[in-house]
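Coordinates in review
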Amino acid sequence: MRDKLEALGNQTLIDIEAAMDAAAIEQIRLRVFGKKGALSEVLKGLGQVSALERPQIGAFANTWKERLEEGLASRGQICEERDLDKRLAAEAVDVTAPARRLHPGSLHILTQTTRRIAAILGRLGFESASGPEIETEYFNFEAVNIPADHPARQMHDTFFIKPGHVLRTHTSSVQMRVLREKKPPIRIFAAGAVYRCEADATHSPLFHQIEGLFVDKGVRMSDLKGVLGELLSELFGTVKFRMRPSYFPFVEPGAEVDIECFKCRGVGHCQLCRSSGWIEVLGCGMVHPFLLTSAGVTDVTGFALGLGVERMAMLLHEVNDIRHMFQGDMRFLQLFRFRGY
Ligand SMILES: [Zn+2]
């Protein structure tokens, strides 16, 4: 029994010295001193030892027990210190390491452009107005002088939602809503998403428009020209523009507005203006009398203008494909970090 105790003791001392961390020490403690541990197993044999020898063996076992406990305690302390050192090393912060680059979010180029134009119109006295994107056929078409059999309906590749309802094809649908709700003087702009079933490098099924409407006594085409001059010079700098007669069902007379190509300065021979020297930027005109009379507004005249936000953003930042606007490509988006609008 003495030999067994000695063998167990010596082997345990070797194991203790070899232990590298606190977990290993704990394992040894359980293996030797646990309920069914090695020491208990050896001491079970105490019953067969003669009564004479028993106290001596008991004392011998106690001495070993104390030695092993001491060994576990001192090696345990060393192991704990080692563990702490290891953890500190693993969790160390290298203050000299280069910082991770942050990519803060920013306003989308379309939001920036919308806000920029809204700010200009706001300074000219226009207030923001809005209408639903799921619009009745009436407000999208009939109300703005596009009856069911009108060929202009063919120009709008409309998304029909349910009978009598469409995804609005233009922000002009807000015009009649405002004319019915408010009394002149009316000076509003409506910005928002519009939808048409078309898609290529210059057309997207979802795009954005801004509509301006000014209705009051004695509003003339020269007022429209004045507002256009302000709007375009704030957007493009001092720039020549021209109004070219055109047709929109909700205005009479109607005009398309071109600015002199800011890239070739009107000379032509450049891709941006397709060698014409002019770039088409928006549509406008005097509010068609049909709209005013059907809204019950009398003794007033007005003008309306409508522009595409994507087209403006593309011109202002020389983007050549509308699809970039909607693809969420970080490389593209980061080119247009928030610039204060
Ligand atoms: Zn040009």
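Things to note about the packing of helix H1 (residues 2–18) against helix H2 (residues 22–33)
- Remark: H1 packs on H2, axes separated minimally by 9 Å, with the N-to-C direction vectors making an angle of 165 degrees. What the angle tells us is that H1 and H2 run roughly antiparallel. In this structure, the crossing between H1 and H2 has a hand that is right-handed. Residue-level contacts link Thr12, Asp15 and Ile16 of H1 to Ile25, Ile28, Arg31 and Val32 of H2.
- Across the contact of H1 with H2, the residue classes tally to four nonpolar, one polar and two charged.

Overview of the domain arrangement of the protein
- For the protein, the domain assignment lists domain 1 (2–90) and domain 2 (109–336).
- Here the C-alpha centre of domain 2 lies 88 Å away from the C-alpha centre of domain 1.

Regarding the environment of Glu135
- Note on placement: Glu135 falls in strand E2 (residues 134–136).
- With relative accessibility at 0%, the residue Glu135 sits in the buried group.
- Sequence separation between Glu135 and Asp321 is 186 residues, and the spatial gap between their C-alpha atoms is 28 Å.
- Separated by 2.6 Å, the side chains of Glu135 and Arg177 make a polar contact.

Definitions and limits used
Positions within a chain are numbered from 1, following the residues in the order the chain's sequence is written. Given that this is a predicted model, residues contribute local features only at a pLDDT of at least 70 and side-chain atom pairs are listed and counted only at 80 or more, while totals for whole chains, interfaces and linings are drawn from all residues. Where side-chain values are given, they derive from all heavy atoms of the structure, hydrogens and water being excluded. Orientation is described by axes fitted as lines to C-alpha atoms, over the contacting stretch for helices, and by angles from 0 to 180 degrees between their N-to-C directions. For the purposes of this entry, the term helix denotes a DSSP run of H or I that reaches at least four residues, the term strand denotes a run of E that reaches at least two, and both are numbered from the N terminus. Orientation labels follow simple angle bins: below 35 degrees gives roughly parallel, above 145 gives roughly antiparallel, 65 to 115 gives roughly perpendicular, and whatever is left gives oblique. Note on convention: the crossing is left-handed when the near helix lies turned anticlockwise from the far helix by less than a right angle, right-handed when the turn is clockwise. Only heavy atoms enter the contact rule, under which two residues are in contact if any of them lie within 4.5 Å. Under the scheme applied here, ten amino acids are nonpolar (Ala, Val, Leu, Ile, Met, Phe, Trp, Tyr, Cys and Pro), four are charged (Asp, Glu, Lys and Arg), and all others, including Gly, are polar. Where a domain begins and ends is set by an automatic assignment or by a domain database. To sort residues, take the accessible area from a 1.4 Å probe on protein chains only and compare it with the maximum for the residue type: under 20% means buried, over 50% means exposed, and anything in between is partly exposed. By the criterion applied in these results, polar contacts are pairs of N or O atoms within 3.5 Å in which, for protein atoms, one can donate a hydrogen and the other can accept it, and in which residues neighboring in sequence qualify only through two side-chain atoms.

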